[in-house]
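Per-entry structural report
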Amino acid sequence: MTHEIAVIPGDGIGQEVVPAAVRVLRATDADLRFVEAEAGDAVAERTGDPLPNATREAVAAADATLLGAAGETAADVILPIRELVGSFANVRPARAYPGVDAVHPDTDLVIVRENTQGVYAGIESEIAPGVTTCTRVITEDASRQIAEFAFEYAAENGHDAVTVVHKANVMRTTDGLFREVAFEVGAEYDLAVEEVLMDAMATHLALDPTQYGVVLTPNLAGDVLSDLAAGLVGGLGLLPSANVGDDGAMFEPVHGTAPDIAGEGIANPAATILSAAMLLEHLGYDGEGARVRDAVETTLEDGPLTPDLGGEAFTDEVADAVIERL
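Residues numbered from 1 in each chain as written. Predicted model: local features only at pLDDT ≥ 70, side-chain atom pairs only at ≥ 80, totals over all residues. Heavy atoms only, no water.

Let's talk about the layout of surface pockets
What counts here: Grid points spaced at 1 Å over the protein atoms alone were grouped into cavities, where a 1.4 Å probe fits but cannot get out, and pockets, open sets with protein on both sides within 12 Å along at least five of seven lines, with lining residues defined by an atom within 4 Å of a point. Grid points are joined across faces, edges and corners, and a volume is the space filled by probe spheres set on the points. The way it works is that DSSP assigns letters per residue, a run of H or I at least four long becomes a helix, a run of E at least two long becomes a strand, and they are numbered from the N terminus. Under the convention adopted here, Pro, Cys and the residues Ala, Val, Leu, Ile, Met, Phe, Trp and Tyr are nonpolar, Asp, Glu, Lys and Arg are charged, and Gly plus all remaining residues are polar.
Considered as a void within the structure, the largest pocket measures approximately 770 Å³ in volume. As for the largest pocket, its lining consists of 26 residues, of which Tyr-153, Asn-157, Met-278, Glu-281 and Arg-293 are closest to the centre. Of all elements in the fold, only strand E4 (87-95), strand E5 (108-114), helix H5 (140-156), strand E11 (240-245), helix H9 (270-282) and helix H10 (286-302) reach the threshold of two or more residues within the lining of the largest pocket. Across the lining of the largest pocket, the residue classes tally to 16 nonpolar, three polar and seven charged. In this structure, the second largest pocket encloses a volume near 400 Å³. Lining the second largest pocket are 20 residues, and of these Ala-74, Ile-78, Arg-82, Arg-92 and Asp-223 sit closest to its centre. Those elements giving two or more residues to the lining of the second largest pocket turn out to be strand E3 (64-69), helix H4 (74-84), helix H8 (219-233) and strand E12 (249-253). A per-class count over the lining of the second largest pocket returns 10 nonpolar, four polar and six charged.

Written as structure tokens, this is what we have:
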């Protein structure tokens, strides 16, 4: 069966790292067909729409989407794409790799972030001149859905615990519901259920991230904590992510457009290639996904490396090395 992949490079270094990842995907034995689409600042400037209808249709029709990065229009690109694929779970692994200078070289955790609600629900108002509000939405159904996903993920990947991160001591109604549902779901699994307040979690991760495996969070907390985790393992250039829904999925590096180096051909493609590995596994190509991940790990250990990791290699040279090691 051929799987159709919508490919959206987007802006900045997305134009460099996504083609590199597609070359890696083409080098595998996966049966994939690629459909190019556009989104982001550049297309908005040209057409007035950062996410044209043709791109929306390509995403809706595809089995999975590979996205690079969007600039100022990020919220107008990423959030609608997540909605198009029905994404309720954002999965962000943060792992330290041999050969990469990391604050905590033994870090290996996965942040499972609720992807539809919280303050990112987009309910904002100006109720009076100079007075604005943002409504935080937490529902039982969405909390249960993400909790079930997190516990299933932990069970399937050999973890013995899930850590629920929340701020229910202050946001007693909203995070209180999130916490309550997470513990109800956890009681159905043969796994330990731990909990940490989200501000304390930032300290714990900085001091000793090795005590955590699967971390379940509401939307905003997961966004912030995953970027913190990136700093522990060598930077945003190493963090992939998956946006998983019932009917589709979108995969993207956690980093942004990096306008300071865009066009120079030196962007680190590792996060995008690792996102492509997650895409392969999502589509059932577990062996191919593992091969890609192994090839990236070997390349990070033995080189070549891009300047952000202390090397002098270009983006395409790193991709070539990964393909050679496949």
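What to know about empty space enclosed by the protein
The tally for this structure, following the rule as stated, stands at one cavity of 30 Å³ or more. Looking at the largest cavity, the residues that line it are Glu-114, Gln-117, Gly-118, Ile-138, Ser-143, Phe-178, Pro-218 and Asn-219. In terms of residue class, the lining of the largest cavity is made up of three nonpolar, four polar and one charged.

Re a negative patch on the surface
So the rule is basically this: Nonpolar side chains (Val, Leu, Ile, Met, Phe, Trp, Tyr) within 5 Å and like charges within 9 Å form the patches, drawn only from residues with over 30% relative accessible area and no salt bridge. Working definition of accessibility: Shrake-Rupley area with a 1.4 Å probe, residue cover restricted to the visible protein chains. Whenever a carboxyl oxygen of Asp or Glu lies within 4 Å of a side-chain nitrogen of Lys or Arg, that contact is scored as a salt bridge. Working convention for charge: Lys and Arg count positive, Asp and Glu count negative, and His plus the chain ends are omitted. By convention, charge coordinates are those of NZ in Lys, CZ in Arg, CG in Asp, or CD in Glu.
Among the surface-exposed residues, Glu-148, Glu-152, Glu-156 and Glu-188 lie close enough to one another that they form a single negatively charged patch. Residue position: Glu-152 is located in helix H5.

Here's the deal with the side chain of Arg-82
To keep things clear, this is the line we draw: The contact definition used throughout considers only heavy atoms, calling two residues in contact when any of these lie within 4.5 Å.
With respect to the helices, strands and loops of the structure, Arg-82 is situated in helix H4. Leaving out residues up to four positions away in the same chain, Arg-82 has contacts with Ser-87, Asn-90, Arg-92, Arg-113, Asn-115, Asn-243, Met-250 and Glu-252.

Details of the nonpolar core
For soluble globular proteins, the rule of thumb is that nonpolar side chains tend to be buried together. This is how the line gets drawn: In this text, buried Ala, Val, Leu, Ile, Met, Phe, Trp, Tyr and Cys residues form a nonpolar core when linked through side-chain atoms within 4.5 Å. Relative accessible area decides the class of each residue, using a 1.4 Å probe on protein chains only: under 20% of the type maximum gives buried, over 50% gives exposed, and in between gives partly exposed.
Core analysis: the biggest nonpolar cluster contains 60 residues, and Ile-5, Leu-32, Leu-66, Leu-216, Phe-251, Val-296 and Leu-300 have the highest contact counts within it. Here this core gets eight residues from one element, more than from any other, and that element is H9. Once residues within four sequence positions are removed from consideration, Ile-5 is found in contact with Leu-32, Arg-33, Phe-34, Val-35, Ala-62, Ala-64, Leu-66, Leu-279 and Leu-283. Core analysis: the next-biggest nonpolar cluster, separate from the first, contains 18 residues, Met-201, Ala-230, Leu-232 and Val-254 among them.

What to know about the packing of aromatic side chains
Worth spelling out the cut-off: We call Phe, Tyr and Trp rings a pair once their centres come within 6.5 Å, taking the six-membered ring for Trp, and we label the pair stacked below 30 degrees between planes, edge-to-face above 60, and tilted otherwise.
Under the defined criterion, the tally for this structure stands at two aromatic pairs. With 5.9 Å between their ring centres and 85 degrees between their planes, Phe-88 and Phe-149 make a pair best called edge-to-face. Residue Phe-88 is found in strand E4, and its partner Phe-149 is found in helix H5; the two are separated by 61 residues along the sequence. The exposure classification of Phe-88 matches that of Phe-149, with both residues buried. Pairing Phe-151 with Tyr-189 gives two aromatic rings, centres 5.5 Å apart and planes at 20 degrees, and the pair type is stacked.

Section: unusual backbone geometry
Note that the residue after Gly-303, namely Pro-304, is joined by a cis bond; omega there is 5 degrees. Residue position: Pro-304 is located in the loop between H10 and helix H11 (315-325). The residue Ala-258 is not glycine, and still its phi comes out positive at about 45 degrees. A residue is classified by how much of its surface remains accessible, and Ala-258, at 23% relative accessible area, is partly exposed.

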